[in-house]
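What follows is each chain in one-letter form.
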Amino acid sequence: MALSVGKDHTLRTWNLVKGRPAYATNLASRCKNLEMVVWSPGGNYYAVPMDSKLELFCIETAGVVFTLNFESKVTCLSFNQNLEEKKENEIFVGEASGKFSCYCLKSGKEIWHIVGSNRIKSLCTSKGYLVLGTSTGEILIYKLNNSKIEHESVTSIDTGCRITCLTIYETRPIAIKNEQTKDNNPDQIRKKKKSMFQIKNAPKDSKNCHKGLNYLDVKCTVRKQKWRVECSKQ
């Protein structure tokens, strides 16, 4: 299932199996400018910013959980997932005024907010950190502590460009086993190797004999390349 919004003021739910819309909801009476729709990590909620307000929908009830009103336009949002409980519990909202806030999904009440000086263009969360991208090209990283935030950013960097979008790719550690299996045994590898050519009844040459194997020099007539051919022991 997928969701989309467009300039026709319509929220569409898509059936990805059949590749066509399942149903549509006209939001023209509630908003004239729909620019984004965001799924929660667990797929239980989705949020639709509508200019200076935001509506949160629940999949189970198929209705609006609550509506949040802001002083300026909502420019970005992101859900925060509790890693221990594996449930969505908070939603972060960035505004054009530079303010970004945290709200509880159950009650819809504000938990905290920070007022910045630059427009928030994008925000996302990762492993206990909140990452912001501003219109001046600055990336800010804040430390999250349960439902609280440190008001001073952990670090910041000036990208030198106007940020329009930001996302995080989380890497996972890869376990490397040092155990030596039978396939990694040098003796087993030698047995699996096959010579490029195999000549039966090859004449024995004492000069080229090495560990009971005979080696002959064979010249390729097509490209004039010289090959060393391993002959099986008779």
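For the structure, check the block above.
None of these values were measured; they are calculated from a predicted model.

**Digging into the side chain of glutamate 90**
- Inspection of the secondary structure assignment puts glutamate 90 in strand β9 (residues 87-95).
- No salt bridge is formed by the buried glutamate 90. Its closest oppositely charged neighbour is lysine 106, at 11 Å.
- Of the polar contacts made by the side chain of glutamate 90, one reaches the side chain of asparagine 80; its length is 2.9 Å.

**Section: the sheet that holds strand β5 (residues 45-50)**
- Taken in spatial order, the four strands make up an open sheet running β4-β5-β6-β7, and their pairing is antiparallel. At either end of the open sheet lies a strand with only one pairing partner, and these are β4 (38-39) and β7 (63-69).
- Pairing between β4 and β5: two bridges, direction antiparallel. Among the inter-strand pairings, tryptophan 39 is bridged to a residue of β5, identified as tyrosine 46.

**Focus on the sheet that holds strand β1 (residues 2-5)**
- Sheet architecture is open: three strands sit in the order β1-β2-β3, paired in antiparallel fashion. In this open sheet, the two strands that pair with only one neighbour each are β1 and β3 (20-26). Each neighbouring strand pair of the sheet contributes to a mean axis angle of 25°, computed without reference to strand direction.
- Bridging between β1 and strand β2 (residues 10-15) involves four bridges; their strand directions are antiparallel. From the neighbouring strand, alanine 2 faces β2, where its bridge partner is tryptophan 14.

**Let's talk about a nonpolar patch on the surface**
- Among the surface-exposed residues, Met1, Trp39 and Ile59 lie close enough to one another that they form a single nonpolar patch of about 280 Å² accessible area.
- Inspection of the secondary structure assignment puts tryptophan 39 in strand β4.
- For tryptophan 39, a relative accessible area of 31% gives the class partly exposed.

**A word on the packing of aromatic side chains**
- Inspection of every chain in the model, using the stated rule, returns six aromatic pairs.
- When the ring of tryptophan 39 is compared with that of tyrosine 46, the centres are 5.6 Å apart and the planes differ by 65°; the resulting orientation is edge-to-face.
- Under the relative-accessibility criterion, tyrosine 46 is labelled buried at 12%.
- Ring centres 4.9 Å apart and planes at 5° place the aromatic pair tyrosine 46 and phenylalanine 57 in the stacked group. Within this pair, whereas tyrosine 46 is found in strand β5, its partner phenylalanine 57 is found in strand β6 (residues 53-58), the two being separated by 11 residues in sequence.
- The structure contains a cluster of three or more aromatic residues connected by ring pairs, namely Phe92, Phe100, Trp112 and Tyr142.

**Observations concerning the state of the cysteines**
- The full count for this structure, using the stated rule, is zero disulfides.
- No disulfide involves cysteine 124; its nearest neighbouring cysteine sulfur is the one of cysteine 165, lying 8.6 Å away.
- Judged by its relative accessible area of 63%, cysteine 165 is exposed.

How each quantity is defined
Residues numbered from 1 in each chain as written. Predicted model: local features only at pLDDT ≥ 70, side-chain atom pairs only at ≥ 80, totals over all residues. Heavy atoms only, no water. Helix = DSSP H or I, 4+ residues; strand = E, 2+ residues; numbered from the N terminus. Buried < 20%, exposed > 50% of the residue type's maximum accessible area, 1.4 Å probe, protein only. Lys, Arg positive; Asp, Glu negative; His and termini not counted. Salt bridge = Lys/Arg side-chain N within 4 Å of Asp/Glu carboxyl O. Polar contact = N/O pair within 3.5 Å; in protein donor to acceptor, adjacent residues only side chain to side chain. Pairing = 2+ DSSP bridges. Axes fitted to C-alpha atoms, helices over the stretch in contact; angles between N-to-C directions. Patch = residues over 30% accessible without salt bridge, like charges linked within 9 Å, V, L, I, M, F, W, Y side chains within 5 Å. Areas by Shrake-Rupley, 256 points an atom, 1.4 Å probe, with all protein chains shown as cover. Phe/Tyr/Trp six-rings, centres within 6.5 Å; stacked < 30°, edge-to-face > 60°. Disulfide = S-S within 2.5 Å.

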